[in-house]
There are 4 protein chains.
Amino acid sequence: MTKVLIIYASDYGSTKKMAEAVAEGVKTVAGAEALLRTAETVTADEMLAAEAIIFGSPVHMGSVDWRVKKVIDTICSGMWMKNLLTGKVGAVFATGSGFGDSGGGAELTLLSMLTNVAELGLIIVPLPKNTPGYPQGGMQWGPVGRSADLNLNPTGLSDDSLVAARHHGANVARVADVIKEKNLFAK
Amino acid sequence: MTKVLIIYASDYGSTKKMAEAVAEGVKTVAGAEALLRTAETVTADEMLAAEAIIFGSPVHMGSVDWRVKKVIDTICSGMWMKNLLTGKVGAVFATGSGFGDSGGGAELTLLSMLTNVAELGLIIVPLPKNTPGYPQGGMQWGPVGRSADLNLNPTGLSDDSLVAARHHGANVARVADVIKEKNLFAK
Amino acid sequence: MTKVLIIYASDYGSTKKMAEAVAEGVKTVAGAEALLRTAETVTADEMLAAEAIIFGSPVHMGSVDWRVKKVIDTICSGMWMKNLLTGKVGAVFATGSGFGDSGGGAELTLLSMLTNVAELGLIIVPLPKNTPGYPQGGMQWGPVGRSADLNLNPTGLSDDSLVAARHHGANVARVADVIKEKNLFAK
Amino acid sequence: MTKVLIIYASDYGSTKKMAEAVAEGVKTVAGAEALLRTAETVTADEMLAAEAIIFGSPVHMGSVDWRVKKVIDTICSGMWMKNLLTGKVGAVFATGSGFGDSGGGAELTLLSMLTNVAELGLIIVPLPKNTPGYPQGGMQWGPVGRSADLNLNPTGLSDDSLVAARHHGANVARVADVIKEKNLFAK
C-alpha cells in the first residue's frame, strides 16, 4: 500500500472539501490509500506510517492557519530533529477568497507550509500547468480553491478547483508509489 | 518638490499602463512629481534624486522580469554598497494574467522586488485593503493588474486595477512627502 | 506620546531578550514609549492604541511560531476586516539558530509576519544595511538573533544582534512619530 | 543514462565552484552524467534532453542573478507554455556572503528559482537536514555556500558547503533515475 496522509484545518468547510477532493484523487491510484486528518487530531505515528504527507490550509492574513502551524511546531519539529520523515513525499494546497483577484496571499500560505515540507526532507510534488482544472484552481505550488468572490461574499468552491485538487492527490500518490522505500538521500 | 521615480519593464504594454496610472496618482498630490523610466533607461542619478522609488514588473515564471532584475543587480547593488538610498520610500506593483485564478506567482514577483527595496533601506508602502479598486486590483504588497483571462487570452487591464494603481502612487507620494529629509534611520 | 507595541512569543528566552532590546531602543527616542506583550496576552485594544506594532518570533520549521500566528488569525484578522490599523507603522524581528549557517528559514519567518503587517496596511520599516550591529544581527527585513551555533548548541545572542534590535526599535519609533495622525492613505 | 543539467551564473567563481561540486556529486551515481552550463550558454535542447535540471545563482540584492532570470524568462517560459519539461526533476543552490549572518536573502534567492522549477512542473528535491555538510552549507531548499565573512571580505567557500553541494547533486541524480520516463502527472 501507498499511504497518503492529508492534514488540514478548515473554518467553514471549504478547505475540508478541498482535502476530500485530494483524498478522492489519491484513491484513484492503484494500491494507494488516503488518510484525512485535521490539524487538531493528527498524530506523529500517522505521519511516520505515511509514504506521503499533504498539508492544506485556508489563507489567513496571507499565511498558514495557526492550527496547521501548531502541528508543524509541536509535532513536525520533533520529527525533523530526529530526521524521521526524510525521503518521503510532500505537497500542499490552500483555500482562499477571490478578494483582490490575485491570490490574496495564497502563495505565501503555500510556501509557509512548503518550508516545513522541505525542512522535513520530503520530495515536493508541484502542480503542473497542464493539470485538468488548473486554469481556475491552480498555482505552481499546489491547487488553490476560491470560496468567495471579489467582494468577500461566499460562493463555494468551483468544480474546477476540486478537479485540480483531485489530480494533485493522484499525482502525489503516483510519485510516492515510485519513491517509497528507495532511500534516495545521502546521510 | 517630492520626486517619485517609477521603474518598470513591459512586454505588451500592460505594465506600462499600470506604471502610467501610478504616475497619474503621484501627480494628484500637491508638490509631487512623477518620473517614469523603463528598466533599460533609468540611471543611478535618477534614483539618487528621487524621494521615492516604485518598481513594477510583469510576472514571468513566478518572479520579476529579468530586465528589472538587471537594473537591481547592476545599479541598485552599487548604491546598496554605499548606503546611498537609505531612508527614502519604496513600493512595488505587478501585472500578470488570470491563469490559475490565484495570482499565478504575482506575490513572489512583488516580493522579489520588495527584497531589493528593503535591502536599499527604503520605507515600504503596502496597499491597504480599503483602497478603491482593491477588490479587483489589489494585493497587500501592491496593486496587481490582470491582462489576460483564465485561459491566458489577453483582455487588457480592468479599470479597477488602474484605480488601485493610481491610489498607490498617491499614497507613496504622500508618505514620501512626510518622510523626506528627516534622516530617521540610525547609522 | 508615540506608542510602540511589541508582540512576541519566546521558548527559551532569546526572542524575549530581542524584544526587550527592541523596547530599549524605542525608549531612546524622545516622546516614545514601548509596550511589551506576549502573543498569549496582547489585546485588540492595545493594538488600536499603538502608533506602531512590531512582531517578533522564533524560527520554527522555517516560519512563524504558531502562537504569534494565532494572534494574527484571531485578533489581527478582525481588525483587518474593519480596516482599524491602516496607516500605522509596522516591523518585524526573529530569533533562530546558526544551523545551516544561512538563516535556516529566518527570511520566510520574517515574511510570514510581514505579510500580516502589509495586510493590516502598516507602513513597513526595514533594517538598513548600515545599522550598527547589522553584520552579525541583520537581515533586510529586520534584525535576526542567533541563539545557537552551527550544531544547534545554545550560545545565547551576540551583543551585536541586540545592538541591531535596539536600533530597529528606535528607527520604528522615529518613523511612527513622523507618520502618526497624518492619514496618508486613500480610502 | 540519467542526465542532470546544471545551469548557473557566477561573478567571482564561487557559484561556479558550487556548480562543479554539484556535478561531481551527480557523477558518483551509477548511470548518471552531469552537464554544466552557464546561464549565457544553455539551450532549450539541453533542457529537453535532461532528466533533471538544477539552477544555481549568487545572491544579488536578495534574489536571483539577472542572467539566470534571463534564461528563465526567455527559454524556460516558452517550454512552460508548451508543457515540455513537466515531470522531470528539479533543484536549486545558491552562493552568498556571510554579511548579516542570517543568509542575507539566500532564501528568497532559492525561492525565486524554485518558483520557476515548480512552474515547469519539475518534482523538487530539497536538502535534508542530515545531509553531510549541512550544518555549515545547508538550507532546506538547497545548499548555500558562503564566500565572504560577516564584513563582506572574501573568504572562499568552506569545504562543508562543497560537501553539501556534492550530496545534493547525488540526491538529485538518484531521484531522477527513479522518476524518469514514468509519466506520473495527470494531464
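In this text the structure is predicted, and so the values were computed from the model without any measurement. (Residues numbered from 1 in each chain as written. Chains lettered and ligands numbered in written order. Predicted model: local features only at pLDDT ≥ 70, side-chain atom pairs only at ≥ 80, totals over all residues.)

**Quick notes on the overall build of chain A**
The criterion, for reference: We count a stretch as a helix when DSSP gives it H or I for four or more residues in a row; a strand needs E for two or more, and each element gets its number in order from the N terminus. Exposure classes come from backbone-placed C-beta atoms, where a residue is buried if 20 or more other C-beta atoms lie within 10 Å of its own, exposed if 12 or fewer do, and partly exposed in between. Contact between two residues is assigned when their C-beta atoms, built from the backbone, lie within 7 Å.
Broken down by element type, chain A carries six helices and eight strands. Ordering the α and β elements of chain A from the N terminus gives β-α-β-α-β-β-α-β-α-β-α-β-β-α. Across its three principal directions, the C-alpha atoms of chain A cover 50 × 35 × 25 Å. Counting only residues that meet the buried cut, chain A has 70% of its 187 residues in that class. Residue pairs in contact within chain A that sit at least 24 positions apart in sequence constitute 78% of those at least 6 positions apart.

**Side note on the relation of the copies chain A and chain D**
A rotation about some axis, followed by a shift along it, carries one copy of the chain onto the other. Put simply, the rule reads: To superpose the copies, least squares is applied to the C-alpha atoms of every residue with a pLDDT of at least 70 in both.
With an RMSD of 0.0 Å, the operation that places chain A on chain D is a rotation of 180 degrees combined with a shift of 0.0 Å along the axis. Viewed as a symmetry operation, the transformation between the two copies matches a two-fold axis. For chain A, the minimum C-alpha distance to the rotation axis belongs to A:Ile124 and amounts to 2.4 Å.

**A look at helix 1 (residues 14-27) of chain A**
All names here are of chain A. To keep things clear, this is the line we draw: What a helix is expected to span follows from its residue count: subtract one and scale by 1.5 Å.
For helix 1, which comprises 14 residues, the first-to-last C-alpha distance of 20 Å matches the rise-based estimate of 20 Å (1.5 Å per residue) to within 8%. Where helix 1 is concerned, the buried positions are Ser14, Thr15, Met18, Ala19, Ala21, Val22, Ala23, Gly25 and Val26. Where helix 1 is buried, its residues meet strand 1 (2-8), strand 2 (32-38), strand 3 (52-60), strand 5 (89-96), strand 8 (142-146) and helix 6 (159-179).

**Digging into the interface of chain A and chain D**
Frequently, the measure chosen for interface size is the accessible area that the parts lose on association. Applicable threshold: Any residue that is not Ala, Val, Leu, Ile, Met, Phe, Trp, Tyr, Cys, Pro, Asp, Glu, Lys or Arg is counted as polar, Gly included; the first ten are nonpolar and the last four charged.
Taken residue by residue, the interface counts 31 residues in chain A and 31 residues in chain D. Listing elements by their share of the side of chain A that touches chain D, those giving two or more residues are helix 4 (106-119), strand 6 (123-124) and helix 6 of chain A. When residues of the side of chain A that touches chain D are assigned to their parent elements, the largest contribution, seven residues, is made by helix 6 of chain A. Considering only residue class, the side of chain A that touches chain D consists of 17 nonpolar, nine polar and five charged.

**Some words on the packing of helix 3 (residues 66-81) of chain A against helix 3 (residues 66-81) of chain C**
Test applied: Axes, fitted as lines to C-alpha atoms, cover a helix only where it is in contact. Angles between the N-to-C directions of the axes lie from 0 to 180 degrees. Angle categories: roughly parallel below 35 degrees, roughly antiparallel above 145, roughly perpendicular from 65 to 115, and oblique for all the rest.
Contact geometry for helix 3 of chain A and helix 3 of chain C: axes closest at 9 Å, N-to-C directions at 175 degrees. Taken together, helix 3 of chain A and helix 3 of chain C sit at an angle that is classed as roughly antiparallel. Between helix 3 of chain A and helix 3 of chain C, the contacting residues are A:Trp66, A:Lys69, A:Lys70 and A:Asp73 on the first element and C:Trp66, C:Lys69, C:Lys70 and C:Asp73 on the second.

**Overview of the pairing of strand 8 (residues 142-146) of chain B**
The test is simple: Two strands are said to pair when DSSP picks up at least two bridges between them.
Most of strand 8 of chain B sits inside the fold, with five of its five residues counted as buried. Here strand 7 (residues 138-139) of chain B hands over to strand 8 of chain B after two residues, the two strands then running antiparallel side by side.

**Regarding the relation of the copies chain D and chain B**
Placing chain D over chain B gives an RMSD of 0.0 Å and needs a rotation angle of 180 degrees, together with 0.0 Å of translation along the axis. Here 100% of the interface residues in chain D have copies in chain B that are interface residues too; the copies meet face to matching face.

**Observations regarding the nonpolar core**
Basically, it comes down to this: In plain words, the nonpolar core is the set of buried Ala, Val, Leu, Ile, Met, Phe, Trp, Tyr and Cys residues that C-beta atoms within 7 Å link up.
Counting residues in each nonpolar core, the largest one holds 276 residues, and the members touching the most others are A:Val4, B:Val4, C:Val4 and D:Val4. What B:Val4 contacts, discounting residues up to four positions off in sequence, is B:Val26, B:Ala32, B:Ala34, B:Ala50, B:Glu51, B:Ala52, B:Ile54, B:Gly169, B:Val172, B:Ala173 and B:Ala176.

**A few points about the interface of chain D and chain B**
With 20 residues of chain D at the contact, the number on the chain B side is 20 residues. At the level of elements, helix 3 (66-81) and helix 4 (106-119) of chain D are the ones that each hand at least two residues to the side of chain D that touches chain B. Take the side of chain D that touches chain B: its biggest share by element is eight residues, from helix 3 of chain D. Here the residues of the side of chain D that touches chain B sort into seven nonpolar, eight polar and five charged.

**Here we look at the pairing of strand 3 of chain A**
All names here are of chain A. Among the nine residues that make up strand 3, nine are buried, leaving the element largely enclosed by the rest of the structure. As paired strands, strand 1 and strand 3 are joined by five bridges and run parallel to one another. Considered in strand 3, the bridge of Val4 is made with Ala52. Looking at chain direction, strand 3 and strand 5 are connected through seven bridges and run parallel. Paired with Ile54 across the two strands is Ala91, which belongs to strand 5. Bridge count between strand 3 and strand 4 (residues 63-64): two bridges; the pairing is antiparallel. Note on strand 4: the bridge partner recorded for His60 is Ser63.

**Here's the deal with the packing of helix 4 (residues 106-119) of chain B against helix 4 of chain D**
The test is simple: The sense of a crossing depends on the near helix, which, turned anticlockwise from the far helix by less than a right angle, makes the crossing left-handed and, turned clockwise, makes it right-handed.
The N-to-C vectors of helix 4 of chain B and helix 4 of chain D enclose an angle of 150 degrees; their axes lie 11 Å apart at closest approach. Relative to helix 4 of chain D, helix 4 of chain B is oriented roughly antiparallel. Regarding helix 4 of chain B and helix 4 of chain D, the two cross each other, and that crossing is left-handed. Contacts between helix 4 of chain B and helix 4 of chain D involve B:Leu108, B:Leu111, B:Ser112 and B:Thr115 from the former and D:Leu108, D:Leu111, D:Ser112 and D:Thr115 from the latter. Residues of the contact of helix 4 of chain B with helix 4 of chain D, tallied by class, amount to four nonpolar, four polar and no charged.

**Some points on the environment of C:Met113**
Residue and element names in this part refer to chain C. As for its position among the elements, Met113 is in helix 4 (residues 106-119). The class of Met113 is buried, set by 31 C-beta atoms lying within 10 Å. The sequence separation of Met113 and Gly87 amounts to 26 residues, and the corresponding C-alpha distance is 17 Å. Sequence-distant contacts of Met113, that is, excluding residues within four places in its chain, are made with Phe55, Ser57, Val64, Val68 and Val92.

**Here's the deal with the confidence of the model for chain A**
Short version of the rule: Values of pLDDT, the confidence the predictor places in each residue, fall between 0 and 100.
Mean pLDDT over chain A stands at 97; residues scoring 70 or higher make up 100%. Among the prediction metrics, the complex's ipTM stands at 0.98, with pTM recorded as 0.98.

**Details of unusual backbone geometry**
One non-glycine residue, B:Asn83, lies in the positive phi region at around 55 degrees. Within the element layout of this structure, B:Asn83 appears in the loop between helix 3 (66-81) and strand 5 (89-96). Of note in this structure, D:Leu152 is not a glycine but carries a positive phi near 70 degrees. With respect to the secondary-structure elements, D:Leu152 resides in the loop between strand 8 (142-146) and helix 6 (159-179). C-beta crowding within 10 Å serves as the criterion here: with 14 such atoms nearby, D:Leu152 is assigned to the partly exposed category.

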